[in-house]
Amino acid sequence: MRVAAGVFAPGHLGELTRLVPFEMVDDVLAATGRTQSRVRLLPARVAVYLLLAGCLFAELGYRQVWSKLTSGLRGLPIASPSGSALRQARQRLGPRPVRALFDLLRGPTATSAPQVRWHGLLLSVIDGTTLVVADSPSNTSRYTKHRCANGSSGYPQLRLSALLTCGTRSVIDAVFDPVSVGELDQARTLTRSLQPGMLLLADRNYAAADLLATIAATGAHLLIRAKANRRLASVARLADGSWLSKIGALTFRVVEARISITTTAGTHTGDYRLITTLLDPHHYPAADLVRLYHQRWEIETAYLELKSTILGGRVLRARTPDGVDQEIHALLIVYQVLRTAMADATDSQPGLDPDRASFTTALTTARDQLVHAAGVIADTVIDLVGVIGERVLANLLPDRRIRTKARMIKRSNSKYQARGPHIDRRTYKATTSINILTNAP
């Protein structure tokens, strides 16, 4: 926070300011050349926190976000900038400081929870998704509208790919580009953050030979689904029914399994083929690998939290590519610090699974703490867990159960594709059985 011309200019993230402290933001601004010698009503530090607060209140315009930032600072001479002044402050800041701040904060969340590792390997997952940006001439010069059978989408889109930890769903790395850039190209960029001691999970889209070689070269292990019709020659049969094969110059272990899911509605059976660099069948049994692969879906939950819980399905605000760059990185920062606060809370109770922490509870509590300026005004004291952690621990989710739900189109592109009013929307409790298939090709 800074005083300018006798007017108090707020800049904070409520209780989350302890995870994104003023000193960190100032160091980032200095490193990126955005330290301002001229005293302004809206300094660069304030612009950073305004962007982050905007992600906590995605449904509001920036003037309304400013009102949230200042509501807990009554009695102080608060600035009342116009929408134009707030926009100019964001434009002066540019995308580099927010990108650099994300680089400081990204990475696996420090935790003692055993769920984040498997046989000593850090479980990680990679996948991509799309986000919708504002339909402005500047944005459409970089981000195109998706073409489909009924024309094109109403808004331009971008493709975001992330590398996450499975246990805490924290962001290790992320990249975004126009949708013309494919997920495999983005995955090649994300391999910069892989290292020995990690086990990467991914779906069958990522089983391209050159990408597998790139991942293996980082020293990280992989467990990736492969297409059932892919020709993989058997080199050797292993004791647990899996077998060795080669893709290019690399030796992989192939696990084929038949998974049956039984609910009150009946039994559904499907075949899975997984490839892995974990070659020892005694240390890494085939059935355990099949069960472990289910962790890949953790990234889908993370994308749900980003796109639905935080954004509420809304279009991004920014109307320029630089603004989109700012907003995406601010969104990832807010997501990451919320995940860090949740991990701090669950770590305070040994043995508590991070899956039981509610992201919605953390988000709504963070919003309340920002409004109250918690952790910013002098008489507010926060411990490691803090109010966010206390609320998370008081509203733990139940232990995760095995459930299944049929895939369906929830929102059709055409009235002729509608499935009618009799869609089964129930979620069924399920039991699973895994049989390793031993018939090598």
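As a reminder, the structure under discussion sits directly above these lines.
These figures come from a predicted structure and were not determined experimentally.

About the thresholds
- Residues numbered from 1 in each chain as written.
- Predicted model: local features only at pLDDT ≥ 70, side-chain atom pairs only at ≥ 80, totals over all residues.
- Heavy atoms only, no water.
- Helix = DSSP H or I, 4+ residues; strand = E, 2+ residues; numbered from the N terminus.
- Buried < 20%, exposed > 50% of the residue type's maximum accessible area, 1.4 Å probe, protein only.
- Contact = heavy atoms within 4.5 Å.
- Areas by Shrake-Rupley, 256 points an atom, 1.4 Å probe, with all protein chains shown as cover.
- Axes fitted to C-alpha atoms, helices over the stretch in contact; angles between N-to-C directions.
- Parallel < 35°, antiparallel > 145°, perpendicular 65-115°, else oblique.
- Left-handed = near helix turned anticlockwise from the far one by under 90°.
- Pairing = 2+ DSSP bridges.
- Salt bridge = Lys/Arg side-chain N within 4 Å of Asp/Glu carboxyl O.
- Polar contact = N/O pair within 3.5 Å; in protein donor to acceptor, adjacent residues only side chain to side chain.
- Core = buried A, V, L, I, M, F, W, Y, C linked by side-chain atoms within 4.5 Å.
- Arc of directions from axis to C-beta.
- Phe/Tyr/Trp six-rings, centres within 6.5 Å; stacked < 30°, edge-to-face > 60°.
- Lys NZ or Arg CZ within 6 Å of the ring centre and 35° of its normal.

### Side note on the overall build of the chain
Within the chain, the secondary structure is distributed over 13 helices and 16 strands. Taking all 441 residues of the chain together, 49% fall into the buried category. Here the contacts in the chain between residues at least 6 apart in sequence split such that 68% fall between residues at least 24 apart. Within the structure as shown, the chain displays about 20700 Å² of accessible surface, and the carbon and sulfur contribution to it stands at 51%.

### Section: the packing of helix α10 (residues 298-310) against helix α12 (residues 359-371)
Running from N to C, α10 and α12 cross one another at 45 degrees; their axes reach a closest spacing of 11 Å. As summarised for this structure, α10 and α12 are arranged oblique, according to the angle between their axes. Crossing geometry of α10 relative to α12 is assigned as right-handed. Two secondary-structure elements touch here, α10 through Glu305, Thr309 and Ile310 and α12 through Phe359, Thr360, Leu363 and Arg367.

### Focus: the pairing of strand β12 (residues 250-263)
Here 5 bridges tie strand β11 (residues 243-247) to β12, and the two strands are oriented antiparallel to one another. Bridging from a neighbouring strand, Ser245 pairs with Phe252 of β12. Between the antiparallel neighbours β11 and β12 lie 2 residues, among them Gly248 with a positive phi of about 65 degrees. Where β12 meets strand β13 (residues 266-276), 11 bridges bridge the pair, whose relative direction is antiparallel. Bridge pairing links Ser260 to Thr269 in β13. Between the end of β12 and the start of β13, which pair antiparallel, lie 2 residues. Of the strand pairs in this sheet, β12 and strand β16 (residues 431-436) are connected by 6 bridges, and their pairing is antiparallel. Paired with Arg258 across the bridge in β16 is Asn435.

### Looking at the pattern of salt bridges
Counted under the stated rule, the structure contains 24 salt bridges. With a shortest N-O distance of 3.7 Å, Asp399 and Arg356 are connected by a salt bridge. Pair noted here: Asp399 is in the loop between α13 (386-394) and β14 (403-404) and Arg356 is in the loop between α11 (321-347) and α12, with a separation of 43 residues, a long-range link. For Arg356, a relative accessible area of 23% puts it in the partly exposed group. The partner of Asp368 in a salt bridge is Arg391, with the nearest N and O atoms 4.0 Å apart. Note that Asp368 is positioned in helix α12 and Arg391 in helix α13, a separation of 23 residues in sequence. Beyond isolated ion pairs, a larger network of salt bridges with shared partners links Arg169, Glu298, Glu305, Arg339, Asp355 and Arg400.

### So, the side chain of Ser71
Mapped onto the secondary structure, Ser71 falls in the loop between α3 (62-70) and α4 (83-93). Only 3.0 Å separates the side chain of Ser71 from the backbone oxygen of Lys68, close enough to count as a polar contact. Here the side chain of Ser71 touches Val371 through a polar contact of 3.1 Å, landing on its backbone oxygen.

### Notes on the nonpolar core
Across soluble globular proteins, nonpolar side chains show a tendency to be buried alongside one another. Ranked by internal contacts, the top residues of the largest apolar core, which has 96 residues, are Leu16, Val20, Leu52, Leu101, Leu158 and Leu199. Ranked by residues supplied to this core, first place goes to α11 with 13 residues. Apart from residues no more than four positions distant in its own chain, Leu158 is found in contact with Thr129, Thr130, Leu131, Val133, Tyr143, Phe176, Asp177, Val179, Leu316, Val324 and Ile328. In terms of nonpolar packing, the next biggest core, distinct from the first, is built from 27 residues, Val175, Leu194, Ala226 and Trp243 among them.

### What to know about helix α5 (residues 96-105)
Burial in α5 covers these residues: Pro97, Val98, Leu101, Phe102 and Leu105. Each buried residue of α5 lies within a common arc of 140 degrees when the element is viewed along its axis, so the set occupies one face. Those residues of α5 hidden inside the fold are in contact with α1 (22-31), α2 (44-56), α4, β7 (171-178) and α11. Immediately downstream of α5, the backbone of Gly107 shows phi near 125 degrees, a positive value.

### What to know about α3
Think of an α-helix as 3.6 residues a turn; residues three or four steps apart then line up on the same face. Among the residues making up α3, those that are buried are Tyr62, Val65, Trp66, Leu69 and Thr70. For α3, the angular spread of the buried residues around the axis is 135 degrees, confining them to a single face. Where α3 is buried, its residues touch α2, α4 and α12.

### Quick notes on the packing of aromatic side chains
Overall, the coordinates contain 4 aromatic pairs when judged by the stated rule. Between the aromatic rings of Trp118 and Tyr284, the centroid separation amounts to 5.7 Å while the plane-to-plane angle is 35 degrees, which identifies the pairing as tilted. With Trp118 in strand β3 (residues 117-118) and Tyr284 in the loop between β13 and α9 (286-292), the pair connects residues that are 166 residues apart, well separated along the chain. The ring of Tyr272 carries the charged tip of Arg225 above its face, separated from the ring centre by 3.7 Å. We note Arg317 situated over the ring of Tyr62; from NZ or CZ to the ring centre the distance is 4.7 Å.

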